[in-house]
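Observations on the model geometry
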Amino acid sequence: MTWVASKGWQGLLAGALLWLPGSLPAADADWLSARDAYRQGNVAAFTQAADALQGSVLQPYVPYWQLLFRIETASDAEVRRYLAQQATPLLAQRVRVEWLRRLAKRQDWKTFQQHFAELDQAPEIELQCLFLQSQLALGQRMDAARYKDAVWLTGKDQLSVCDPVITAWQNQGVISEEDRWLRLRLALEAGSQPLVRFLLRSPEGELPSIEDLRLVAEAPTEFITRADLGRRDQRELAAWAYGRWARRDLPAAVAMLESDGGRLGKEAAVAWRQIALAAARELDPRSERFFALSEKAWWPVAHHENRFRLLVRYGRWPELLALQERVPAAVRERRDWQYWHAVASLQLPGAARHRQARETLWQLIRQDDYYGLLAREQLGLSLPAAQTLTVDPVARDRVRASPGVQRALALFALNQRVDANNEWQHALRGVDEAFRLAAAEVAEQAGWLDRAILAAELMTNPGDLDRRFPMPHRDLADASTRDAGLELAWVYGLIRQESRFMPAARSHAGAGGLMQLMPGTAQWVADRLGEPWQAERVNDIATNMRYGSYYLRHVLDELGHPVLATAGYNAGPRRALAWQADVPMPATQYVESIPFGETRDYVKKVMTNAVHYSRRLGTGETRLLSRLGSIPARQPAVIEGP
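Bear in mind that the values here come from a model prediction, so they are computed numbers and not experimental data. (Residues numbered from 1 in each chain as written. Predicted model: local features only at pLDDT ≥ 70, side-chain atom pairs only at ≥ 80, totals over all residues. Heavy atoms only, no water.)

1. Some remarks on the overall build of the protein
For the protein, the count of helices and strands is 39 helices and two strands. For the C-alpha atoms alone, the extent of the protein along its principal axes is close to 80 × 65 × 60 Å. Every one of the 642 residues in the protein was classed for burial, and the buried ones make up 53%. Taking contacts inside the protein between residues at least 6 apart in sequence as the whole, the part at least 24 apart equals 62%. Carbon and sulfur atoms make up 50% of the accessible area of the protein, which amounts to about 28,500 Å² in all. (Helix = DSSP H or I, 4+ residues; strand = E, 2+ residues; numbered from the N terminus. Buried < 20%, exposed > 50% of the residue type's maximum accessible area, 1.4 Å probe, protein only. Contact = heavy atoms within 4.5 Å. Areas by Shrake-Rupley, 256 points an atom, 1.4 Å probe, with all protein chains shown as cover.)

2. Here's the deal with the side chain of Arg96
Note on placement: Arg96 falls in helix α6 (residues 89-106). Overall, the relative accessible area of 12% leaves Arg96 in the buried class. Residues within four places of Arg96 in sequence aside, it is in contact with Arg80, Leu83, His115, Glu118 and Leu119.

3. So, the layout of surface pockets
For the largest pocket, the calculated volume is near 900 Å³. If you trace the largest pocket, you find 31 residues lining it, with Glu498, Arg506, Ser507, Ala511 and Gln516 closest to the centre. Mapped onto the lining of the largest pocket, the elements with two or more residues apiece are α29 (449-457), α32 (488-499), α35 (562-571) and α38 (597-617). By residue number, the principal contributor to the lining of the largest pocket is α35, which donates four residues. (1 Å grid on protein atoms, 1.4 Å probe; cavity = no way out; pocket = protein on both sides within 12 Å on 5 of 7 lines; lining within 4 Å. Points joined across faces, edges and corners; volume = space filled by probe spheres on them.)

4. Observations concerning the state of the cysteines
Cysteine pairs can be covalently joined through their sulfur atoms, and such a bond is termed a disulfide. With the rule as written, the count across this model stands at one disulfide. Through a disulfide, Cys129 is tied to Cys162; the S-S separation comes to 2.0 Å. Of note, the bridge from Cys129 to Cys162 carries an S-S torsion of about 95° and is right-handed in sense. Taken as a pair, Cys129 in helix α8 (residues 125-137) and Cys162 in the loop between α9 (144-152) and α10 (163-172) lie far apart in primary sequence, 33 residues in all. Per residue, the accessibility class of Cys129 equals that of Cys162, and both read buried. (Disulfide = S-S within 2.5 Å.)

5. As for the side chain of Arg35
You can see Arg35 is positioned in helix α2 (residues 30-40). A relative accessible area of 12% places Arg35 in the buried class. Aside from chain neighbours lying at most four places away, what touches Arg35 is Trp65 and Gln416.

6. With respect to unusual backbone geometry
A positive phi is found at Gln107, a non-glycine position, where the angle reads about 60°. Mapped onto the fold, Gln107 is located in the loop between α6 and α7 (109-116). A residue is classified by how much of its surface remains accessible, and Gln107, at 58% relative accessible area, is exposed. Unlike most non-glycine residues, His473 shows phi in positive territory, near 55°. Relative to the assigned elements, His473 resides in the loop between α30 (465-468) and α31 (474-484). Residue class for His473 comes out buried when judged on its relative accessible area of 7%.

7. Examining the pattern of salt bridges
Scanning the entire structure with this criterion turns up 54 salt bridges. Among the salt bridges present, the one from Glu118 reaches Arg96, with a minimum N-O distance of 3.0 Å. Of this pair, Glu118 sits in the loop between α7 and α8 while Arg96 sits in helix α6, placing them 22 residues apart in sequence. Glu118 sits in the partly exposed class, given a relative accessible area of 36%. A salt bridge links Arg326 to Glu295; the shortest N-O distance between them is 3.2 Å. With Arg326 in the loop between α20 (317-324) and α21 (329-332) and Glu295 in the loop between α18 (287-293) and α19 (301-313), the pair connects residues that are 31 residues apart, well separated along the chain. Under the relative-accessibility criterion, Arg326 is labelled partly exposed at 41%. One continuous salt-bridge network, built from bridges that share partners, spans Glu72, Glu98, Arg101, Arg102, Lys105 and Glu126. (Salt bridge = Lys/Arg side-chain N within 4 Å of Asp/Glu carboxyl O.)

8. What to know about the packing of aromatic side chains
In total, this model carries 30 aromatic pairs according to the counting rule given. An aromatic cluster of three or more residues is present, and its members are Trp31, Tyr38, Phe46, Tyr61, Tyr64, Trp65 and Phe69. The residue whose ring lies beneath Arg201 is Phe198, and the NZ or CZ to ring-centre distance is 4.1 Å. Its guanidinium or amino end placed over the ring of Trp299, Arg273 lies 3.5 Å from that ring's centre, counting from NZ or CZ. (Phe/Tyr/Trp six-rings, centres within 6.5 Å; stacked < 30°, edge-to-face > 60°. Lys NZ or Arg CZ within 6 Å of the ring centre and 35° of its normal.)

9. A look at the confidence of the model for the protein
Low pLDDT marks regions whose predicted coordinates should not be analysed in detail. For the protein, the average pLDDT comes to 93, and 95% of its residues sit at 70 or higher. The low-confidence segment residues 1-15 (pLDDT under 50) makes 29 contacts with residues lying over four places distant or belonging to another chain. Considering only residues more than four positions removed or in separate chains, one finds that residues 17-23, a stretch of pLDDT under 50, has 14 contacts. (pLDDT = per-residue confidence, 0-100.)

10. Brief notes about helix α22 (residues 335-347)
Along its 13 residues, α22 runs 19 Å from first to last C-alpha, staying within 8% of the 18 Å computed at 1.5 Å per residue. Listed in full, the buried residues belonging to α22 are Asp336, Trp337, Tyr339, Trp340, Ala342, Val343, Ala344 and Ser345. Lining the buried residues of α22 we find α19, α20, α21, α23 (351-364), α24 (370-378) and α37 (587-592). (Expected span 1.5 Å × (residues − 1).)

11. Let's talk about α10
Looking at α10, one finds that the buried residues are Val165, Ile166, Ala168 and Trp169. Buried residues of α10, seen end-on, are gathered within an arc of 165° and therefore sit on one face of the element. Structurally, α10 contributes buried residues whose contacts are with α8, α9 and α11 (177-190). A positive backbone phi angle near 80° is found at Gly173, which sits one or two residues after α10. (Arc of directions from axis to C-beta.)

12. What to know about the nonpolar core
Here is a general trend for soluble globular proteins: nonpolar side chains tend to be buried in one another's company. Ranked by size, the top nonpolar core spans 209 residues in total, and within it Ile275 and Tyr590 carry the most contacts. Per element, the largest residue contribution to this core is eleven residues, and it comes from helix α17 (residues 267-281). (Core = buried A, V, L, I, M, F, W, Y, C linked by side-chain atoms within 4.5 Å.)

13. Side note on the packing of α8 against α9
What describes two packed helices is the angle between their axes and the distance between those same axes. Two elements in contact, α8 and α9, have axes whose closest approach is 11 Å; the angle formed by their N-to-C orientations is 130°. If you check the angle between α8 and α9, you find them oblique. Once α8 is placed against α9, the crossing between them reads as left-handed. Judged by residue contacts, Ile125, Gln128, Cys129, Phe131 and Leu132 of α8 engage Tyr147, Ala150 and Val151 from α9. For the contact of α8 with α9, the residue count by class is seven nonpolar, one polar and no charged. (Axes fitted to C-alpha atoms, helices over the stretch in contact; angles between N-to-C directions. Parallel < 35°, antiparallel > 145°, perpendicular 65-115°, else oblique. Left-handed = near helix turned anticlockwise from the far one by under 90°. Nonpolar A, V, L, I, M, F, W, Y, C, P; charged D, E, K, R; others polar.)

Below you can see the structure in the form of structure tokens.
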């Protein structure tokens, strides 16, 4: 494919048009007019735009919007007729969700349950609560075993549609007094003060003192000193206050709890948990002692994960194996837990243990992700030769003829990314391997690289590196990495994770372009280069790659190690430096103990991508453990720049 670097996003949209049947009909642009008229409730304008959409691949949206116009008064027969005769899979799903809301509003619970049973995906919490309301209204036993944790055990305020369910469960004893305290702990951790006050209200409805909550947050030692520890609510708040105190002065909080913890009763274990979490935030090796003292307190999965990461960081292999036996099966079966369980097992004596560890590693190498590559190297296996799979012409024709793919490409050409992505996702559901491969090719040729990568990643055969790890804008990438003195495979691996090569990608935080530059970072680089900066230049491919490479080089120079630089590019170099230990550490253990989940996942994927790009390029390190290496001991440093 010819890449038009100078035109950026517009060049990619033009590419999308080439892969629709013929070219994009002019009428498809009327989709935007019809959608806007629907949103505004302008029936006349909608009718005009809808008529213009006749013959367009996007015409199925017309009956969808027409039904939504009259959904308040529609009958179930009308909705079922639409679902049977006119709906596409994506629009059928949307209509059914909207219809379920209307049925609940009408309190037509029998019909609601019929449609709920026909949902083709897991329902969101709103529909879960409405389903439970239907069981309550129809005198059925509510399915608390299935839905209670999702509805109740959350630290955030729940949707109002869940209130009748929660009230009924409280009256039935499904939600116990102990459940109330468990949710209070989650609310305190989430910083949800309205929910905290609600959960702390007295049986008579009296709300807790605002002053108490202020002291817990701002002056925890004062609250602990004055709390009435004969009351459960005060003990729970005091336990939380110990965690707040530990963030400021860990030794003092530990000493106080050791001397005075008896007054907290069973809630002393909760206080130790909060101290353990505070220590874990700072990557303090003493956190394991505090976790051990909190064994009798309730264990949310997030707490297990915090403990797990610190055990990995400090190589506490016996404790890690013991923890593995206590966590829920769903956690134990995750790839990160499986890999480190195998590593821990290999560090300890026992032929049976070693045999089981190797069996686990053999299971992990079925995928070539971060843990698959690490497992392969633990077993002493090299990577298989890269493949380039040939697209079946018949499968290519099937993809181009697919109405869902056609709609996705048309919406992509209209720059309607959310709808386009949803259509693409539905078009690839349940398709065969040949269809996925051909879909990856079609998306790539349309310039829609994030969907091309997605289609290739869905394949059970992971060997086709060309489509999973594309290398667009090669001349620009060569120039920017050469000028910055960076490895091309590493930079391509970072771009793939940052934006999937979509020039108009923008994060919730405001980062933009291929290398997801924050406005302040781009301005800083421009100043360093003596160039004027305009915000709209962030989506210019050449500028974004040049500035991003310059900044990555700067972070590498500041931190001195590619793993640290990768973490620093995502979370900021000062954080990456703070996460270093005072002694050298295997990079795998540093990465696993990064406190930020997004950054931890980011580093794993970027470094794994770099291995696969090295395979494609035929240069650089293709062994992940060697690429990761060892993180040196932290040295005093002053970081310059953002």
